[in-house]
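The chain contents come next:
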Amino acid sequence: MAALTPGVDAPTWPAEFAERYRAAGYWRGETFGGMLRERAAAHPDRVALVDPAPERRTWTYRQLDERADRLAAGFAARGIGKGDRVVLHLPNVGEFVEVVFALFRIGALPVYALPAHRETEISYFCSFTEAVAYVIPDRHAGFDHRDLASAVARKAPSLRHVFVVGEPGEHTALREVARAPEEPPAGPRAHELAFLQLSGGTTGVPKLIPRTHDDYLYSLRGSNEICGVGPGTRFLVVLPAAHNFPMSSPGWLGTLLAGGRVVMCPRPDPSTAFPLVAREGITMTGLVPPLALVWTQAAAAAREDLSHLELVLVGGAKYSEEAARRLRPALGCRLMQVFGMAEGLVNYTRLDDDEETVVTTQGRPISPDDEIRIVDDDDRDVPEGEFGHLLTRGPYTIRGYWRAHKHNARSFTPDGFYRTGDLVRRTPGGHLVVGGRAKDQINRGGEKIAPEEVENIILAHPGVHDVSVVAVPDTYLGERSLAYVIPREGAAPLRPAQIRRFVRERGIAAYKVPDLVEFVTAFPQTGIGKVSKKGLRSVATAADQQ
Ligand code: OOB
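The structure displayed is predicted, hence computed values, not measured ones.

Reading the values: the criteria
Residues numbered from 1 in each chain as written. Predicted model: local features only at pLDDT ≥ 70, side-chain atom pairs only at ≥ 80, totals over all residues. Heavy atoms only, no water. Phe/Tyr/Trp six-rings, centres within 6.5 Å; stacked < 30°, edge-to-face > 60°. Lys NZ or Arg CZ within 6 Å of the ring centre and 35° of its normal. Near = heavy atom within 4 Å. Polar contact = N/O pair within 3.5 Å; in protein donor to acceptor, adjacent residues only side chain to side chain. Helix = DSSP H or I, 4+ residues; strand = E, 2+ residues; numbered from the N terminus. Nonpolar A, V, L, I, M, F, W, Y, C, P; charged D, E, K, R; others polar. 1 Å grid on protein atoms, 1.4 Å probe; cavity = no way out; pocket = protein on both sides within 12 Å on 5 of 7 lines; lining within 4 Å. Points joined across faces, edges and corners; volume = space filled by probe spheres on them. Pairing = 2+ DSSP bridges. Axes fitted to C-alpha atoms, helices over the stretch in contact; angles between N-to-C directions. Buried < 20%, exposed > 50% of the residue type's maximum accessible area, 1.4 Å probe, protein only. Contact = heavy atoms within 4.5 Å. Expected span 1.5 Å × (residues − 1).

1. Re the packing of aromatic side chains
- Tallied over the full model, the rule gives 22 aromatic pairs.
- Taken together through their ring pairs, the aromatic side chains of Phe-32, Phe-96, Phe-101, Phe-104, Tyr-112, Phe-195, Tyr-216 and Trp-252 make up a single cluster.
- Just above the ring of Phe-17 sits the side chain of Arg-399; from NZ or CZ to the centre is 4.5 Å.

Rendered as structure tokens:
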């Protein structure tokens, strides 16, 4: 299959920007495959990766490098090559890192599915990207992924391989793929695509985010410098490894770039994570706000030694000031807020920021060349310090989604700024404060839900006339989802549980199943007669307060 360069399947940076970013030293012509090779040559025997469960396994940098070569050779022998898409659907296991680096070496593109995704999402990713392979665990969290893979394979004609970590069933065991590397395959170039990330999404189906080696490696170098990542860093991957936050802020990729040690955490709860923090001497991790809250509360009674922990990053959703104030005393480490997006721009509070800034702002951009505009509904700059829509462009922010030209015209300005959909203001010190959101999305404790995706499923129910899914405030998750349903006239009466079951049975990530369902006879209307999501949200908030 033909190699994909960013300009073909998605808009890329105009030449003058690319030149500027190269001249500034942001884009250095390095690839991920080359990066691991270099690290393995520099410190072959240092431990790169630990998978603690069910029995502890470790990979030195040399072992990881060799393993990536052998797997790359095995993938190549099966006809997987440069530009091919491979949907990766693994939990936090060592094989995640092995497979990703093997794909990087041959220039095949991982498509990072989340562990919670089910048949609806995976079938879409496989069909839309014309994926040639799908990588799964045998079972995870009580779910048999092999059956899911068989169902997906029937629907996605491009899919030629299913590789299984563990017992393969009717598919291929990953452990049988590796083979002695012959001549090294021609790898990708640094300006070419490295992988496809998923967008949180506002539309019926998630958009794919094309990231290049050059741009992503720059965001890692910048993140490492800001967070103080070095060879001594031991980073615990608590959130799903496929998500952009634990991958790159500074994440497991940043840690490997710095020659540190990555430890996979199989589950995020304190009873799993705290013993690992103690045993593995973890110095850094990243959490979403609800999890940070749970860790903060659990730390008081914890008997484990958490004293190696130096820095906890919290982001993905708004972290309340009150919760932020409690983290440092409870966990005995520094806090850094991170406001980022898989499309690119990442903001961090800084290690030398004062306490007030760390607990009340969501940080400032990585790069001096991250351009930030804060505008009104007509794209005019708002007065300094006021809230407005955040637009951004820069050396690691995409210029368009993958194969989504129509959507790109809405999500990007003509001069290439990404419309984040976030409402922010800038403090005199240059830090951003997130005040809300203009995009139609629900942020359920960091997990993003596109209402339209859930609405489309509920609309398929024969007893439903119309539906609108909105966010409602929640003290623990920040937001939960509520589906307002107008039943079809004359249909048998419905119960909320039936709607929830209907959505679940469609095979969709569990976090997208509406938390609440309410039956109504009409939605609030806006001036032009369109359903008002804002109106629905305020109805829900008022109901919540009664
Ligand atoms: C991260 O990435 P995504 O792509 O899952 O979600 C991005 C969106 C942002 O546009 C914003 O709406 C929200 O998530 N968000 C925050 C936030 N961090 C992200 N909202 C309020 N406060 C924050 N601190 O979520 C992500 C990617 C890289 C690093 C960190 C988070």
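2. Thoughts on the site of the ligand
- Among the 19 residues in the neighbourhood of the ligand, the closest are listed as His-243, Val-338, Asp-422, Lys-439 and Lys-448.
- With respect to the ligand, the side chain of His-243 contributes an N or O atom lying 2.9 Å from an oxygen atom.
- In this structure, Ala-317 approaches the ligand through a main-chain N or O atom, which is 3.4 Å from a nitrogen atom.
- Among the elements of the structure, helix H9 (244-248) and strand E16 (334-341) are those that each provide at least two residues to the shell around the ligand.
- If one sorts the elements of the shell around the ligand by residue count, E16 sits on top with 4 residues.
- When its residues are assigned to classes, the shell around the ligand shows 7 nonpolar, 8 polar and 4 charged.

3. A short note on the layout of surface pockets
- A volume near 430 Å³ is recorded for the second largest pocket.
- Looking at the second largest pocket, it is lined by 18 residues, and the ones nearest its centre are Asp-51, Ala-53, Pro-54, Arg-57 and Val-93.
- Taken together, the residues that form the lining of the second largest pocket break down as 8 nonpolar, 3 polar and 7 charged.

4. Quick notes on the sheet that holds strand E27 (residues 516-519)
- Strand order in the open sheet formed by 3 strands is E25-E26-E27, with mixed pairing between adjacent strands. Each edge of the open sheet carries a strand with a single partner, namely strand E25 (464-474) and E27. For this sheet, the mean inter-axis angle between neighbouring strands, taken without regard to orientation, is 25 degrees.
- Of the pairings in the sheet, the one linking E25 to strand E26 (residues 478-487) comprises 10 bridges and is antiparallel in character. Residue Asp-466 lies in a different strand from E26, and its bridge partner there is Ile-486.

5. Some remarks on the environment of Val-358
- In this structure, Val-358 sits in helix H14 (residues 355-360).
- Its relative accessible area of 7% is what places Val-358 among the buried residues.
- C-alpha separation for the pair Val-358 and Asp-214, spaced 144 residues apart in sequence, amounts to 30 Å.
- When near neighbours in sequence (up to four residues on either side) are disregarded, Val-358 contacts Leu-335, Gln-337, Thr-349, Arg-350 and Asp-353.

6. Looking at the sheet that holds strand E22 (residues 432-437)
- Pairing is antiparallel in the open sheet, where 4 strands are placed in the order E19-E20-E21-E22. The sheet is open, and its two edges are formed by strand E19 (371-375) and E22, each paired on a single side. Recorded for the sheet is a direction-independent mean angle of 45 degrees between the axes of neighbouring strands.
- Sheet topology places strand E20 (residues 388-393) next to strand E21 (residues 418-426); 4 bridges connect them, and they run antiparallel. Each bridged residue has a counterpart across the sheet, and for Thr-392 the counterpart in E21 is Tyr-418.

7. Some points on helix H8 (residues 213-227)
- Counted at 1.5 Å a residue, the expected span for H8 with its 15 residues is 21 Å, and the 21 Å between its end C-alpha atoms agrees.
- The buried fraction of H8 amounts to 14 of the 15 residues, a majority that puts the element mostly inside the structure.
- At the exit of H8 stands Gly-228, carrying a positive phi of roughly 70 degrees.

8. As for the environment of Arg-62
- With respect to the element layout, Arg-62 can be found in helix H4 (residues 61-77).
- Along the backbone, Arg-62 and Pro-275 are 213 residues apart, and their C-alpha atoms lie at a distance of 27 Å.
- With residues near it in sequence (within four places) discarded, Arg-62 still touches Ala-40, Pro-44 and Asp-45.
- Within polar-contact distance, the side chain of Arg-62 engages the side chain of Asp-45 at 2.6 Å.

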